[in-house]
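Topology and contacts: notes
Here are the chains, one letter per residue:
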Amino acid sequence: MKKKYIFFDIDGTLTDRSTGQIVPSAQKALNRLQEAGHFVAIATGRAHYKARPFMEKAGLKNMVCCGGGALVVDNELYHNIPLDRKKALTIIHQAEELGIGILLMLDDSVDCYAKNDLFREQVGERKEPTRYVIDPELDFDSVKEIYKIYLSVSKEDEEKLSSRTLLGNLRFVPEYLMFQYDEKRQGILDMLEVTGGNPEDVIVFGDDDNDLVMFDPQWLSIAMGNASSKLKEKAAYITAANVDDGIYKACEHFNLFEKTE
């Protein structure tokens, strides 16, 4: 078996969404893939600080995170790319003019910065652990790096924010729109450049629409049985649902547990 470079999404792929825990058979597959000599990594939209504990608990040392903007190579943070500053500021200023609540992630932590508490007044707490730093003197234009933007705009009203198309965005919950680096495919290519891998040796596993960007015809893309219809349409292979041992079964199907040359 030739060495493969295998990348796994976290939520809904490696983990059971009902518990947030890694599916036991998926953990077994990760262990066996590494024992066989493959390069095994996570590919997630999660920020580095949030994804690293999961990576370590799963027994992995490599990761594409922050939607492809950051790489962890052999347990070391190789780089973490912020959003395009000019485009981010254009979105932020228009949101401010429209009276939309704004939260900014300015570093690799649970801290989110704002001029006021408008975001929480409009939609409540962000749906993950957050430390809110409210600074009325915050000058958006003086901020050097912006990693994520959260805007309290509904799906029905987001058309008013014409600048939203400048950066990749998604909506994990109905209440707010999130802008983040959205280049998992590029993150995988960056990882290959660092590690000396080739695109034709890549295998990716995913389950949701935010994984569409990394389902590339250059490599083998595997959709979980619980994946979205769009992802299944783009996949080269569809396995069983993650909680039905889909990852393990796909690895067996492609003989990935064989020792690499």
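Scope of this entry: the structure provided in the associated data block. Note that the structure is a prediction, hence the values are computed from the model and not measured.

1. Focus: helix H7 (residues 246-253)
Of the positions making up H7, those classed as buried are Gly246, Ile247, Tyr248, Ala250 and Cys251. The secondary structure elements touched by the buried residues of H7 are strand S1 (5-8), helix H1 (24-36), strand S12 (202-206), strand S13 (220-223) and strand S14 (237-238). Among the residues trailing H7, Asn255 stands out with phi positive, at a value near 55 degrees.

2. Points about the packing of aromatic side chains
Overall, the coordinates contain seven aromatic pairs when judged by the stated rule. On the numbers, 6.2 Å between centres and 55 degrees between planes, the contact of Phe7 with Phe39 is tilted. Highlighted residues: Phe7 in strand S1 and Phe39 in strand S2 (residues 39-43), separated in sequence by 32 residues. The residues Phe7 and Phe39 share a single accessibility class, namely buried. Aromatic side chains Phe119 and Tyr176 sit 5.3 Å apart centroid to centroid with 55 degrees between the ring planes, which places their arrangement in the tilted category. Here Phe119 is found in helix H4 (residues 118-123), whereas its partner Tyr176 is found in strand S11 (residues 176-180), with 57 residues between them in sequence. For the pair formed by Phe119 and Tyr176, the shared burial category is buried. Above the face of the Tyr132 ring, Arg120 is positioned so that its terminal group lies 3.9 Å from the ring centre. Cation over ring: Arg126 sits above Tyr150, and NZ or CZ is 4.5 Å from the ring centre.

3. Brief notes about the sheet that holds S12
Hydrogen bonds between backbone groups are what pair the strands of a sheet, and the pairing can be parallel or antiparallel. Strand order across the open sheet formed by eight strands is S5-S4-S3-S2-S1-S12-S13-S14, with mixed pairing between neighbours. Strand pairing shows two members of the sheet lacking a second neighbour, strand S5 (76-80) and S14, which therefore form its edges. Where S12 meets S13, four bridges bridge the pair, whose relative direction is parallel. If you follow Gly206 over to S13, its bridge partner there is Ala223. Relative to the sheet, helix H2 (residues 48-57) contacts S2, strand S3 (63-65), strand S4 (70-73) and S5, its axis offset from that of S3 by approximately 150 degrees.

4. Regarding the pattern of salt bridges
For side chains bearing opposite charge, pairing can occur when the charged atoms are close. In this structure the tally under the stated criterion is 21 salt bridges. One salt bridge in this structure joins Glu158 and Arg171, with 2.6 Å as the shortest N-O distance. Of this pair, Glu158 sits in the loop between strand S9 (148-151) and strand S10 (169-173) while Arg171 sits in strand S10, and the two are 13 residues apart along the sequence. Note that Asp211 and Lys184 form a salt bridge whose closest N and O atoms lie 2.6 Å from each other. Taken together, the residues Asp211 in the loop between S12 and S13 and Lys184 in helix H5 (residues 184-195) connect sequence positions 27 residues apart. Pair check on accessibility: Asp211 and Lys184 agree, each one buried.

5. Overview of the nonpolar core
Most often, soluble globular proteins keep nonpolar side chains buried together rather than apart. Ranked by size, the top nonpolar core spans 31 residues in total, and within it Phe8, Leu14, Leu33, Ile42, Phe205, Ile247 and Cys251 carry the most contacts. Contact partners of Cys251, with chain neighbours within four places excluded, come to Ala29, Leu33, Phe205, Leu256 and Phe257.

6. Digging into the environment of Leu170
By the element assignment, Leu170 lies in strand S10. Note on Leu170: relative accessible area 15%, which makes it buried. Those residues within four positions of Leu170 in sequence are excluded, and the remaining contacts are Leu177, Met178, Gln180 and Asn210.

Cut-offs and rules
Residues numbered from 1 in each chain as written. Predicted model: local features only at pLDDT ≥ 70, side-chain atom pairs only at ≥ 80, totals over all residues. Heavy atoms only, no water. Buried < 20%, exposed > 50% of the residue type's maximum accessible area, 1.4 Å probe, protein only. Helix = DSSP H or I, 4+ residues; strand = E, 2+ residues; numbered from the N terminus. Contact = heavy atoms within 4.5 Å. Phe/Tyr/Trp six-rings, centres within 6.5 Å; stacked < 30°, edge-to-face > 60°. Lys NZ or Arg CZ within 6 Å of the ring centre and 35° of its normal. Pairing = 2+ DSSP bridges. Axes fitted to C-alpha atoms, helices over the stretch in contact; angles between N-to-C directions. Salt bridge = Lys/Arg side-chain N within 4 Å of Asp/Glu carboxyl O. Core = buried A, V, L, I, M, F, W, Y, C linked by side-chain atoms within 4.5 Å.

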